[in-house]
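For reference, the chains in residue letters:
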Protein chains: 4
Amino acid sequence: MKMRENIEFGTTIALWGQCADRFLSQGYKKDTSFKEKIELISKVDDMKGVDLYGDWDVNMDNVGEVDNVLKEYGLKAFIVTADVASLPEFGRGSVTSPVKEHRELAGKKIREAIDIAEILDCPMINLWLGQDGYDYSFQSDYLWGWQQIIDSISQAADYAGSKNIKIALEYKPREPRTHLFTASVTSMLMVVTKVNRDNVGVLIDTGHAYMAGENIAESVAVCSMNDDKLFYVHVNDNYKVWDDDMMVGSIHPFEMLEFLYWLEKTGYSGPIVLDMFPYREDPLGAARESVEFIKQMREILKNIDEKEIEEIMKSQDAVKAMNMIRKNFIRNIKT
Amino acid sequence: MKMRENIEFGTTIALWGQCADRFLSQGYKKDTSFKEKIELISKVDDMKGVDLYGDWDVNMDNVGEVDNVLKEYGLKAFIVTADVASLPEFGRGSVTSPVKEHRELAGKKIREAIDIAEILDCPMINLWLGQDGYDYSFQSDYLWGWQQIIDSISQAADYAGSKNIKIALEYKPREPRTHLFTASVTSMLMVVTKVNRDNVGVLIDTGHAYMAGENIAESVAVCSMNDDKLFYVHVNDNYKVWDDDMMVGSIHPFEMLEFLYWLEKTGYSGPIVLDMFPYREDPLGAARESVEFIKQMREILKNIDEKEIEEIMKSQDAVKAMNMIRKNFIRNIKT
Amino acid sequence: MKMRENIEFGTTIALWGQCADRFLSQGYKKDTSFKEKIELISKVDDMKGVDLYGDWDVNMDNVGEVDNVLKEYGLKAFIVTADVASLPEFGRGSVTSPVKEHRELAGKKIREAIDIAEILDCPMINLWLGQDGYDYSFQSDYLWGWQQIIDSISQAADYAGSKNIKIALEYKPREPRTHLFTASVTSMLMVVTKVNRDNVGVLIDTGHAYMAGENIAESVAVCSMNDDKLFYVHVNDNYKVWDDDMMVGSIHPFEMLEFLYWLEKTGYSGPIVLDMFPYREDPLGAARESVEFIKQMREILKNIDEKEIEEIMKSQDAVKAMNMIRKNFIRNIKT
Amino acid sequence: MKMRENIEFGTTIALWGQCADRFLSQGYKKDTSFKEKIELISKVDDMKGVDLYGDWDVNMDNVGEVDNVLKEYGLKAFIVTADVASLPEFGRGSVTSPVKEHRELAGKKIREAIDIAEILDCPMINLWLGQDGYDYSFQSDYLWGWQQIIDSISQAADYAGSKNIKIALEYKPREPRTHLFTASVTSMLMVVTKVNRDNVGVLIDTGHAYMAGENIAESVAVCSMNDDKLFYVHVNDNYKVWDDDMMVGSIHPFEMLEFLYWLEKTGYSGPIVLDMFPYREDPLGAARESVEFIKQMREILKNIDEKEIEEIMKSQDAVKAMNMIRKNFIRNIKT
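Residues numbered from 1 in each chain as written. Chains lettered and ligands numbered in written order. Predicted model: local features only at pLDDT ≥ 70, side-chain atom pairs only at ≥ 80, totals over all residues. Heavy atoms only, no water.

**Student:** Whenever I open this one, the packing of aromatic side chains confuses me. Can you help?
**Tutor:** Within a pair of aromatic rings, the relevant descriptors are the distance that separates the centres and the angle that separates the planes. Across all of its chains, the model carries 50 aromatic pairs over all chains by this definition. On the numbers, 5.0 Å between centres and 85° between planes, the contact of C:Phe254 with C:Phe329 is edge-to-face. Here C:Phe329 lies in helix α11 (residues 318–329) and C:Phe254 lies in helix α8 (residues 253–265), a separation of 75 residues in the sequence. A single burial state applies to C:Phe254 and to C:Phe329, both of which are buried. The structure contains a cluster of three or more aromatic residues connected by ring pairs, namely A:Tyr134, A:Phe138, A:Tyr142, A:Trp146, A:Phe181, B:Tyr261 and B:Trp262. In this arrangement the basic side chain of B:Lys166 is found over the ring face of B:Phe231, its NZ or CZ atom lying 4.9 Å from the centre. Sitting over the ring of C:Trp262, C:Lys265 keeps its end group 5.5 Å from the ring centre. (Phe/Tyr/Trp six-rings, centres within 6.5 Å; stacked < 30°, edge-to-face > 60°. Helix = DSSP H or I, 4+ residues; strand = E, 2+ residues; numbered from the N terminus. Buried < 20%, exposed > 50% of the residue type's maximum accessible area, 1.4 Å probe, protein only. Lys NZ or Arg CZ within 6 Å of the ring centre and 35° of its normal.)

Pasting the structure below:
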């Protein structure tokens, strides 16, 4: 099938970091500077830009320096992530915190991400409401929580819109809380519909979608049929239970293949961005393997007759689907 | 808190049947007649009506007889379920079947359910698209499938509307397929929004919601904030992995308690309907235990000061929430 | 690596049947005769034998006829499965049923399977205690249940041993009950150790192992390190939540690759037997795709230097492992 | 039923800490000193001792001070946990690390925990091999890994035995790795059987058992039927997907009730130890609620006629089981 040329790859910065967890809060690896990380990133073929996480990677004080480093290595800022999940103040929620001051701080941090994006000439921010949820029965007034989310995003959208910046909303069903409000692609599309702003859309993280029980290819299609509201994608793999943030295609290669097919079919025009957390792996190796995997799969898709795929989907014949995958995807030693 | 008086309980008929599965397709129990089942149902306190499954329980030929039996035992027809999941023709989908004749048959079966509902003076039909989904990668054209669903439901809504009948859409993430299209409360609300008919709303089956990773109380709230689109509820329990259709409250009693609280808080006015599948249990005992459980929990809620609950939710304090549950819900021997 | 030549493939008979479930208890397909099924099976390359399920496929009355049909088509009886899960009498358990007569019937059915195996010159029976478990808290005396299992298997082992027949014990965590006693590879190995008979070992069904949260390659290794107690394997794939019984490698191809590697490495000498349930698929196509998939993967393994794999495992370097898989397993269009 | 008097409660120290995760590696709360934590712990009724985690809480340098603080507040050291999971050196495994020096360090840390236990007059150490596992296919030589585990525990057992100290082995299926070797109660009992030392047994963490798909009551019974090898219990609750480490009984109260019943029935004589991680909760409140919950449940059990429970289990009648639970466990407002 016809594949978009010159696809851009990106990466989060956290991929290249210490990778802490609750058992090793000091991290599995030694810390490195932002510049050292960017230098490593620049060594990956076709890597064109980065996701910058607010506070972790960039803030109003160091944004000039960040900009310089990115330019030095020829990388773009693809997205700036508002830091509404990684400050102690947000431990019990950001825009849905029970503490008014913390809700206000959340608004401030979102606007800050927009300001930083503007400075970096970055077209989009990422909003992941990773602490906005609940854990126990009777702990939360759901109606109030949802209203807070819709109102806060609406306000952020207006502020971002005034600077011609888009907001990509990232959903996830759980972690770090047992229940997050914006938990699935359709719950996020509900938010997008209610907020009803041109500059607000969805970010699909394939691992989060797996956790939510979704078929990632269908998630792309569902965004597409809602006013083409897919704004950004994060790719990684996991065992569908937790956000393992593993190398792309390592567990579910065929689902990734179909995801790439649907990105193409629905005209997704943004970058493909690695969001992995290689606790125990060399980040450069993990990133390279993931990019090579995706490129190899895109070559395979390019080689397949789109008509054939469409005929199979029309027939809904699973045997034909598997035969097509096997013949095209798996190496045939004998041939 | 103030609880609605004279709540009505209902039950599916399948609860009282043979309970087959793929290992025992002849069923775990002996077959009984419709009348025998209704007689048993009438023995459960506060049972006021039944769900009738198309073909399994009722069809255009026996509808008069069914009506007579229900009247004899003083039970209402709460809902008629369109049979779009249990005929061999629908094995590969109903409104999304690859076979045109089967899609047409699906439309016919939906209209038939509406016609039967009209005859029985039943205000609502249930539409569960239980075979409309997919199992393998590249098996399905998601855009086409979703469009079929929206178009089919729109047409059904118009037909039902002409007879003043409502359609309650039941979602479920999987079984009998590994992926169903209408998989979660927000995916179903997306359908409801797109269909945009007054007489179309959502049916929450608590077990299906658990399978979808939902907190069932939040699911009620989310329907409420979408134009009060909760039309009907099915109750049962499971281990959140599969649709075990177990006795109400047997595994997750506190989540059921919170569900009942939110039904009340959001003004749900329909019946509470048992949809269990007691493969190995006496149906009369299983139904009675479930009804008694719900009644006991509603008494407990009645006894709690709503202000207290609202204060806890406002504080988002989980310790207070658990303390409130423990003190009110769990028997205290020492007192 | 060096791969065993002349590997034998097998299949359950149920794969070729009507594939019923609780929504379509009449099955998704039309029934066919045993002979028709065998004829289809014989059309799959390298298919050398079948699994016969007691009562469903074979009984003391028709065993002669079954033998004739198998011989006519040149297929062996690889295993006979004792029917302790598919009679209404076993709905509440077989060897752990609360009803003494049903426990005795279970013993009888096991002996019957052994007798049938003897007649068919079949070296092994399969014992899957699929109804022996529980669903609710306080429903079961676990100590009594486990003792029943150990005692029953010990008796069966002696009876089978007297006829020089082996017993392969198949584990599964759930379905048709929410909890089965013999739920995982190590729980089954516990039984094997306690029973302590030469002719008793484990049957790994890859789908059941996935449901149990196992890595199927490790499960093979764990059997190997327990006196080489892996007696038999069933292959299929699923989404790790339920026993979807899908085509081999369709979801988790790399885990299947590693499984095949470990079968070879640990010297497994039995057949590779398809145990799928293609509800909506053509069985011949599904079986052929699965066999071709396995053969293609075995060719790939044959082509890999075992030393390389061993070095990677010694280094525990995941990037190297993924690189090895990608380079060897996935088709490279550019080359 | 007859319940053991003077049951002892304990707690991990981590429950009272900062509760970090990968998003808030600085923790959700402010740090406090060991003494401040112990002082808080001493305020919980019936709290008699603590679990000390090596390095986090205690080391060879501060052990004297720790001893003093514990004595000052009248608390015992119930267990010392060997630090084989929380040092960067163990990021890729402890006793199964690919790095020889790290494997040796693991042995040293285990012996250190034993030495500390001896100093504190503590009868037991806890060994949780939380980094010993793998994440990707072909990453690990399972046979080598398992042999390392068995050999290392055997050596540790001999060293501990020489000081009359026991080793409680804690299993968990995943986190911080996607697959841990010692993943379930029966996989751990396999280790116990192979190690074959009197002083080696199992620690059941109820949350870990839930993650492994276990019924926690059955897990107790299975340890009991293996030479009474249940040495210790950690209690908490979760949603069965991840180690949420929530308040006891908050999600699955009836399974906790049955767990307490089986502890009693099988003669478990150790303490009941809270192992929670209240990221967003007041630890004192969370601990008190959990202890009160358990005490209230034990009072309920005391009030039930054991004969009645045994009759129900003998009948395997789930309706009776649920009726018994509802009548005894749930508050009946009307009475």
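**Student:** Looking at this structure, I do not really get the sheet that holds strand β1 (residues 9–12) of chain C. What am I missing?
**Tutor:** Sheet strands pair by backbone hydrogen bonding; their relative direction is either parallel or antiparallel. All names here are of chain C. Sheet architecture is closed into a barrel: 8 strands sit in the order β1-β2-β3-β4-β6-β8-β9-β10, paired in parallel fashion. Going from strand to strand, the sheet's axes swing by 30° on average, the running direction of each strand aside. In terms of strand pairing, strand β8 (residues 200–205) meets strand β9 (residues 230–235) through 4 bridges, oriented parallel. Counterpart to Val202 in the pairing with β9 is Leu230. Seen against the sheet, helix α3 (residues 100–119) touches β3 (76–81) and β4 (124–128) and runs at an angle of roughly 155° to β4. Sitting on the sheet, helix α9 (residues 283–303) is in contact with β1, β2 (47–53), β9 and β10 (272–274), with an inclination near 150° to β10. (Pairing = 2+ DSSP bridges. Axes fitted to C-alpha atoms, helices over the stretch in contact; angles between N-to-C directions. Contact = heavy atoms within 4.5 Å.)

**Student:** Sorry, what's going on with helix α4 (residues 142–161) of chain A here?
**Tutor:** The α-helix advances 3.6 residues per turn, and as a result positions three or four apart in sequence lie on the same side. Counted at 1.5 Å a residue, the expected span for α4(A) with its 20 residues is 28 Å, and the 28 Å between its end C-alpha atoms agrees. Those residues of α4(A) not exposed but buried are A:Tyr142, A:Gly145, A:Trp146, A:Gln148, A:Ile149, A:Ile150, A:Ser152, A:Ile153, A:Ser154, A:Ala156, A:Ala157 and A:Ala160. (Expected span 1.5 Å × (residues − 1).)

**Student:** Looking at this structure, I do not really get the interface of chain A and chain C. What am I missing?
**Tutor:** Accessible area lost upon the coming together of the parts serves often as the stated size of an interface. Counting residues at the interface gives 34 residues for chain A and 34 residues for chain C. Summing both sides of the interface, chain A and chain C together bury roughly 3100 Å²; the carbon and sulfur share of this comes to 61%. Of all residues in chain A, the largest losses of buried area upon contact with chain C belong to A:Gln296, A:Arg326 and A:Arg331, amounting jointly to 22% of the total for that side. Here chain A is connected to chain C by 2 salt bridges. (Buried area = accessible area lost by both parts, 1.4 Å probe. Salt bridge = Lys/Arg side-chain N within 4 Å of Asp/Glu carboxyl O.)

**Student:** Which parts of the structure should I look at to understand the interface of chain A and chain B?
**Tutor:** In this assembly, 51 residues from chain A lie in contact with 51 residues from chain B. In total, about 4400 Å² of surface goes out of reach between chain A and chain B, with carbon and sulfur atoms giving 62% of it. Considering only the surface of chain A that becomes buried against chain B, A:Phe138, A:Met225 and A:Gln316 emerge as the three largest contributors, covering 21% of it. Counting across the chain A and chain B interface gives 0 salt bridges.

**Student:** Explain empty space enclosed by the protein here, please?
**Tutor:** Over the atoms rolls a probe the size of a water molecule, and in doing so it shows where empty space is left. Applying the stated criterion to the full structure yields 17 cavities of 30 Å³ or more. Each pocket or cavity is described by its volume, and for the second largest cavity that value is around 550 Å³. Split into classes, the residues belonging to the lining of the second largest cavity amount to 15 nonpolar, 2 polar and 20 charged. (1 Å grid on protein atoms, 1.4 Å probe; cavity = no way out; pocket = protein on both sides within 12 Å on 5 of 7 lines; lining within 4 Å. Points joined across faces, edges and corners; volume = space filled by probe spheres on them. Nonpolar A, V, L, I, M, F, W, Y, C, P; charged D, E, K, R; others polar.)

**Student:** Even after reading the chapter, I still don't get the relation of the copies chain A and chain B, so can you show me in this structure?
**Tutor:** Between the two copies of the chain lies a rotation about an axis combined with a shift along it. Between chain A and chain B, the superposition needs a rotation of 180° and an axial shift of 0.0 Å, giving an RMSD of 0.0 Å. Taken together, the turn and the small shift mark the pair as related by a two-fold rotation axis. Relative to the rotation axis, the C-alpha of A:Thr186 is the closest in chain A, positioned 2.7 Å from it. The fraction of interface residues of chain A whose copies in chain B are also interface residues reaches 100%, indicating that both copies meet through the same surface. (Least-squares fit on C-alpha atoms with pLDDT ≥ 70 in both.)

**Student:** Just checking my understanding: could you explain the pattern of salt bridges for this structure?
**Tutor:** For side chains bearing opposite charge, pairing can occur when the charged atoms are close. The final tally for this structure, using the stated rule, is 100 salt bridges over all chains. A salt bridge links B:Arg22 to C:Asp245, with the shortest nitrogen-to-oxygen separation between them at 2.9 Å. In this pair, B:Arg22 is assigned in the loop between β1 (9–12) and α1 (34–41) and C:Asp245 in the loop between β9 and α8, connecting two distinct chains. Pair check on accessibility: B:Arg22 and C:Asp245 agree, each one buried. In this structure, the salt-bridge partner of D:Glu112 is D:Lys109, at a minimum N-O distance of 3.3 Å.

**Student:** Please clarify how the pairing of strand β4 (residues 124–128) of chain D should be interpreted in this entry.
**Tutor:** Within a regular strand, the side chains alternate between the two sheet faces. All names here are of chain D. Within β4, 5 of the 5 residues are buried, which leaves the element mostly enclosed by the surrounding structure. Pairing geometry for strand β3 (residues 76–81) and β4, over 2 bridges, is parallel. Each bridged residue has a counterpart across the sheet, and for Thr81 the counterpart in β4 is Asn126. Sheet topology note: the β4/strand β6 (residues 166–170) ladder contains 5 bridges and is parallel. Within the sheet, the bridge partner assigned to Asn126 lies in β6 and is Ala168.

By themselves, these figures tell us nothing about what the structure is for.
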